[in-house]
Amino acid sequence: MKNLDGLYAINDIEQETVIFTEKDMPDCELHRSSTNPNCEVVELDNGTSALMSVRPISAGEYFCVAESDDEDEGDWEEEDMMEED
């Protein structure tokens, strides 16, 4: 057994349910999964970021998102800014 920190579902959650918004949990860090993510960050109609379930989540299951290439994207953004100058 491992000692894990993280947020988990206290009740079963249906697919496509908004779990919380950025305003509710501004400094939230989530587990990452390359094989079975259960959530994704989406933008709501009002422009707020939110965590939404992409599949049913069982009570006790940790919230996790897909691994991302954010570090690489940062490099692209920097290159785009350099091209604009």
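Since the structure is predicted, the reported quantities are computational estimates derived from the model, not experimental observations. (Residues numbered from 1 in each chain as written. Predicted model: local features only at pLDDT ≥ 70, side-chain atom pairs only at ≥ 80, totals over all residues. Heavy atoms only, no water.)

Draft legend 1. Region of interest: the layout of surface pockets. Within this model, the largest pocket holds a volume of roughly 240 Å³. In terms of lining residues, the largest pocket is bounded by 15 residues, among which Phe20, Met25, Cys28, Leu30 and Val41 are the most central. The greatest single-element share of the lining of the largest pocket, amounting to three residues, is contributed by strand S4 (residues 49-53). A class-by-class count of the residues in the lining of the largest pocket yields nine nonpolar, two polar and four charged. (1 Å grid on protein atoms, 1.4 Å probe; cavity = no way out; pocket = protein on both sides within 12 Å on 5 of 7 lines; lining within 4 Å. Points joined across faces, edges and corners; volume = space filled by probe spheres on them. Helix = DSSP H or I, 4+ residues; strand = E, 2+ residues; numbered from the N terminus. Nonpolar A, V, L, I, M, F, W, Y, C, P; charged D, E, K, R; others polar.)

Draft legend 2. Highlighting the pairing of S4. Most of S4 sits inside the fold, with four of its five residues counted as buried. Pairing geometry for strand S1 (residues 18-21) and S4, over three bridges, is antiparallel. Opposite threonine 21, over in S4, you have alanine 50 as the bridge partner. Sheet topology places strand S3 (residues 39-43) next to S4; five bridges connect them, and they run antiparallel. Its bridge partner being in S4, cysteine 39 is matched across the sheet by serine 53. Linking two consecutive strands that pair antiparallel, namely S3 and S4, is a turn of five residues; a positive phi of about 90 degrees is found at glycine 47 within it. (Buried < 20%, exposed > 50% of the residue type's maximum accessible area, 1.4 Å probe, protein only. Pairing = 2+ DSSP bridges.)

Purely geometric numbers; function is a separate question.
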